[in-house]
Amino acid sequence: MNTSKNPSMTEVVTRTNGSGGAAILSAAVGSFALAILALVGDKSAAVKSSLVFYKPTGPLSGVTDIALLIWLALWIVLEMRWCKKGVALGPICIASFVLLGLSFLLTFPPIVDIF
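Read on for an overview of the structure.

1. So, the packing of aromatic side chains
The relation between two aromatic rings is expressed through the spacing of the ring centres and the mutual angle of the planes. This structure, assessed with the given rule, holds two aromatic pairs. With 5.2 Å between their ring centres and 35° between their planes, Trp71 and Trp75 make a pair best called tilted. With Trp71 and Trp75 both in helix H4 (residues 59-82) and four residues apart, the pair spans about one turn of that helix. Residue Trp71 is classed as partly exposed on the basis of its relative accessible area, which comes to 27%. Considering the side-chain rings of Phe104 and Phe108, the 5.8 Å spacing of their centres and the 25° angle between planes classify their relative orientation as stacked.

2. Here's the deal with the side chain of Ser103
Relative to the assigned elements, Ser103 resides in helix H5 (residues 89-106). Exposure remark for Ser103: the relative accessible area of 6% places this residue in the buried category. Reaching out from Ser103, the side chain makes a polar contact with the backbone oxygen of Ser31 at a distance of 3.4 Å. At 2.7 Å, the side chain of Ser103 and the backbone oxygen of Leu99 are in polar contact. Excluding anything up to four places from it in sequence, Ser103 contacts Ala28, Ser31, Phe32 and Ala35.

3. Topic: the side chain of Ser61
Checked against the element boundaries, Ser61 lands in helix H4. The class of Ser61 is buried, set by a relative accessible area of 8%. Here Phe53 takes part through its backbone nitrogen, which lies 3.1 Å from a polar atom of the side chain of Ser61. Once you skip the residues sitting within four places of it in the chain, Ser61 turns out to touch Leu51, Val52, Phe53 and Tyr54.

4. Regarding the packing of helix H2 (residues 18-43) against H4
When two helices pack together, you describe them by how their axes are tilted relative to each other and by the distance separating the axes. Where H2 meets H4, the closest approach of the two axes is 8 Å, and the angle between their N-to-C directions is 155°. In terms of their interaxial angle, H2 and H4 are classed as roughly antiparallel. Handedness of the H2/H4 crossing: right-handed. Considered class by class, the residues forming the contact of H2 with H4 number 18 nonpolar, six polar and one charged.

5. Concerning H2
Its 26 residues place the ends of H2 37 Å apart at the C-alpha level, agreeing with the 38 Å of an ideal helix rising 1.5 Å per residue. Restricting attention to buried positions, one finds in H2 the residues Gly18, Gly21, Ala22, Leu25, Ser26, Ala28, Gly30, Ala33, Ala35, Leu37, Leu39 and Gly41. Close packing links the buried residues of H2 with helix H3 (45-50), H4, H5 and helix H6 (109-112).

6. Structural notes on the packing of H2 against H5
Where H2 contacts H5, the axes come no closer than 8 Å and their chain directions differ by 20°. By the criterion of interaxial angle, the relationship of H2 to H5 is roughly parallel. At the point where H2 passes H5, the crossing takes the left-handed sense. In this structure, H2 contributes Gly21, Ile24, Leu25, Ala28, Val29, Ser31, Phe32, Ala35, Ile36 and Leu39 to the contact, and H5 contributes Leu89, Ile92, Cys93, Ser96, Leu99, Leu100, Leu102, Ser103 and Leu106. Across the contact of H2 with H5, the residue classes break down as 15 nonpolar, four polar and no charged.

Conventions adopted
- Residues numbered from 1 in each chain as written.
- Predicted model: local features only at pLDDT ≥ 70, side-chain atom pairs only at ≥ 80, totals over all residues.
- Heavy atoms only, no water.
- Phe/Tyr/Trp six-rings, centres within 6.5 Å; stacked < 30°, edge-to-face > 60°.
- Helix = DSSP H or I, 4+ residues; strand = E, 2+ residues; numbered from the N terminus.
- Buried < 20%, exposed > 50% of the residue type's maximum accessible area, 1.4 Å probe, protein only.
- Polar contact = N/O pair within 3.5 Å; in protein donor to acceptor, adjacent residues only side chain to side chain.
- Contact = heavy atoms within 4.5 Å.
- Axes fitted to C-alpha atoms, helices over the stretch in contact; angles between N-to-C directions.
- Parallel < 35°, antiparallel > 145°, perpendicular 65-115°, else oblique.
- Left-handed = near helix turned anticlockwise from the far one by under 90°.
- Nonpolar A, V, L, I, M, F, W, Y, C, P; charged D, E, K, R; others polar.
- Expected span 1.5 Å × (residues − 1).

So, in structure tokens, the structure goes:
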């Protein structure tokens with residue numbers, strides 16, 4: 001008697017893609033946070049002065065540090081929630097592309113000068 005199991009006939013293989021979705025979405029949100037912080041830091045003197053974490057670098061140090069913290073915190077939270085799940089990557093990718101497009105526009109000088 002053959003006791004070996006054929007996984008394709010006896011088990012349902014579930015694939016999880018939550019870790020990938022978490023990485024994609026958190027990177028897009030982090031990029032958008034960077035663009036928003038840079039925009040607000042350029043337009044508001046109070047915010048600009050509060051973003052100076054390291055004087056030789058100026059407000060760029062705070063902009064990048066805060067954006068990195070937002071990205072990392074969101075990645076950790078989403079990873080913990082989605083790591084063993086299958087998520088719909090279509091809406092995540094669409095939202096990520098929209099956020100990345102907005103991030104690019106908000107760092108493009110002619111667009112930034114409108115605000």
